Amino acid sequence: MMTDRSGAPVVVGVDGSATALDAVRVAAREAVARHRPLRVVHAFLWPVLGTPLGPVVATLPHEDLRREADKLVAEAVDEARKVDADLPVTGVARDGGAVAVLLEESRDAALLVLGHRGLGGFAELLVGSAAVGLSARADCPVLVVRGEPRADGPVMVGVDGSALSTEAIGFAFAEAAQRGADLVAVHAWLYPAPVGPGDIVPLVYDPEQLRAEEERVLAEAVAGWAERYPEVRVRRKLVAGAPAPVLVAESADAQLVVVGAHGRGSLGGLLLGSVSHAVLHHARSPLAIVRHRRGHAAS
Ligand SMILES: Nc1ncnc2c1ncn2[C@@H]1O[C@H](COP(=O)(O)OP(=O)(O)OP(=O)(O)O)[C@@H](O)[C@H]1O
Ligand SMILES: [Mg+2]
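For the structure given in this document, a descriptive report is provided here.

Cut-offs used in this document
Residues numbered from 1 in each chain as written. Chains lettered and ligands numbered in written order. Predicted model: local features only at pLDDT ≥ 70, side-chain atom pairs only at ≥ 80, totals over all residues. Heavy atoms only, no water. Pairing = 2+ DSSP bridges. Helix = DSSP H or I, 4+ residues; strand = E, 2+ residues; numbered from the N terminus. Axes fitted to C-alpha atoms, helices over the stretch in contact; angles between N-to-C directions. Contact = heavy atoms within 4.5 Å. Polar contact = N/O pair within 3.5 Å; in protein donor to acceptor, adjacent residues only side chain to side chain. Core = buried A, V, L, I, M, F, W, Y, C linked by side-chain atoms within 4.5 Å. Buried < 20%, exposed > 50% of the residue type's maximum accessible area, 1.4 Å probe, protein only. Salt bridge = Lys/Arg side-chain N within 4 Å of Asp/Glu carboxyl O. Near = heavy atom within 4 Å. Areas by Shrake-Rupley, 256 points an atom, 1.4 Å probe, with all protein chains shown as cover.

## Comments concerning the sheet that holds strand S9 (residues 256-260)
If you walk across this open sheet you meet the ten strands as S3-S2-S1-S4-S5-S10-S9-S6-S7-S8, and the pairing is mixed. Only two strands of the sheet have a single neighbouring strand rather than two, namely strand S3 (89-95) and strand S8 (234-240). Here the strands of the sheet are splayed against their neighbours by 25° on average, with no regard to which way each runs. With four bridges connecting them, S9 and strand S10 (residues 287-290) associate as parallel partners. If you follow Val258 over to S10, its bridge partner there is Ala288. Against the sheet, helix H6 (residues 207-228) makes contact with strand S7 (183-189) and S8, and its axis sits at roughly 140° relative to S7, the strand it touches most.

## Remarks on the side chain of Asp22
Residue placement: Asp22 occurs in helix H1 (residues 18-34). Side chain to side chain, Asp22 and Arg25 meet in a polar contact 2.4 Å long. Other than its neighbours up to four places away in sequence, Asp22 contacts Val145, Gly147 and Glu148.

## A closer look at the nonpolar core
In a soluble, globular protein the nonpolar side chains are often hidden away together inside. In terms of nonpolar packing, the biggest core is built from 50 residues, with Leu38, Val40, Val113 and Val258 touching the most fellow members. Ranked by size, the runner-up nonpolar core spans 34 residues in total, among them Ala136, Cys140, Leu247 and Leu280.

## A short note on the pattern of salt bridges
Applying the stated criterion across every chain, the model contains 18 salt bridges. Of the charged contacts, one joins Glu30 and Arg34 as a salt bridge, the two residues approaching to 3.0 Å between their closest N and O atoms. Residue Glu30 and its partner Arg34 are both found in helix H1; the two are separated by four residues, about one turn of the helix. Overall, the relative accessible area of 21% leaves Arg34 in the partly exposed class. Across the pair Arg179 and Glu175 runs a salt bridge whose closest N-O atoms are separated by 2.8 Å. Of this pair, Arg179 and Glu175 both sit in helix H5 (residues 166-179), four residues apart, which is roughly one turn of that helix. Given the relative accessible area of 27%, Arg179 is considered partly exposed. Given a relative accessible area of 1%, Glu175 falls into the buried group. Each of Asp22, Arg25, Glu79 and Lys82 takes part in salt bridges that share partners, so that together they form one network.

## Description of the site of ligand 1
Taken together, 20 residues lie around ligand 1, and Gly13, Arg117, Gly118, Gly120 and Ser129 are the ones closest in. The separation between an oxygen atom of ligand 1 and a polar main-chain atom of Leu119 is 3.2 Å. At 2.7 Å from an oxygen atom of ligand 1 is found a main-chain nitrogen or oxygen belonging to Gly120. Calculation on ligand 1 without its partners gives an accessible area of 610 Å², and the protein chains cover 87% of this total. Those elements that place two or more of their residues in the shell around ligand 1 are strand S2 (38-44), helix H3 (98-106), strand S4 (111-115) and helix H4 (129-137).

In structure tokens, the structure reads:
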């Protein structure tokens, strides 16, 4: 089913954390650049009574909780208006869990923006559960913000040569064009090596020939998009190594990293490929995860 997203908003999820407010500023800039409205959404769970641990005492009457939720949304809307007073911004507090509510929002959104963490209490957590769940399942591209974003550095995209990363490459070109940034297309590759007994590898191979083959994969993946965005300066980068560590290392210099939700090794059941998963947790820059939409022309 083709969803018409021509008037679709940029949606940002807020939970009252400072990280979510960083996400609001980024989302506002994205909305301005894309000529789209911004929609601020807070998912709001009423305290549940009668858990297995015994009745939960709600310390605040429901009216007060509702008011707190509305106030949190209003603050986020103000933050967005500080970025651009002319940006159309709406805010809403919706009943439900963060993942369920924002998943639904993602159906009609052009882009979903989240902080990498929220109010959750586990200090060691690199990425919160809402951010993880939505990166894997949202119906639109997800931008996970980490701290105050930088405006220098290139946009970087991970290329594995599969059709599944086509949309990610297109998204990266659009972002680079919109930000006036260079684009670095990174393709990590490894020489074939036996990883276990019985593995079959060619006894003789020509490293130069293999490298040339990987060069070709990278060049072909980028070529079509480069034609559509002639104003974007593209650098192709072939790096020897496993994709996840390579992309994480490269992310240090980027203002944005873009990956597909799945890659060449895609296992049907996995919501997020292993490389996307690792980069989501360890990237040092903001990260966009772009799902391949079955049956959709990449555009
Ligand atoms: N209730 C919510 N309503 C709207 N957006 C939310 C909500 N909770 C989280 N988010 C969004 O998701 C981002 C990441 O928050 P997340 O909840 O994943 O991390 P956390 O709170 O640190 O971890 P966890 O909740 O798993 O303990 C937030 O910055 C915010 O953008
Ligand atoms: Mg949370």
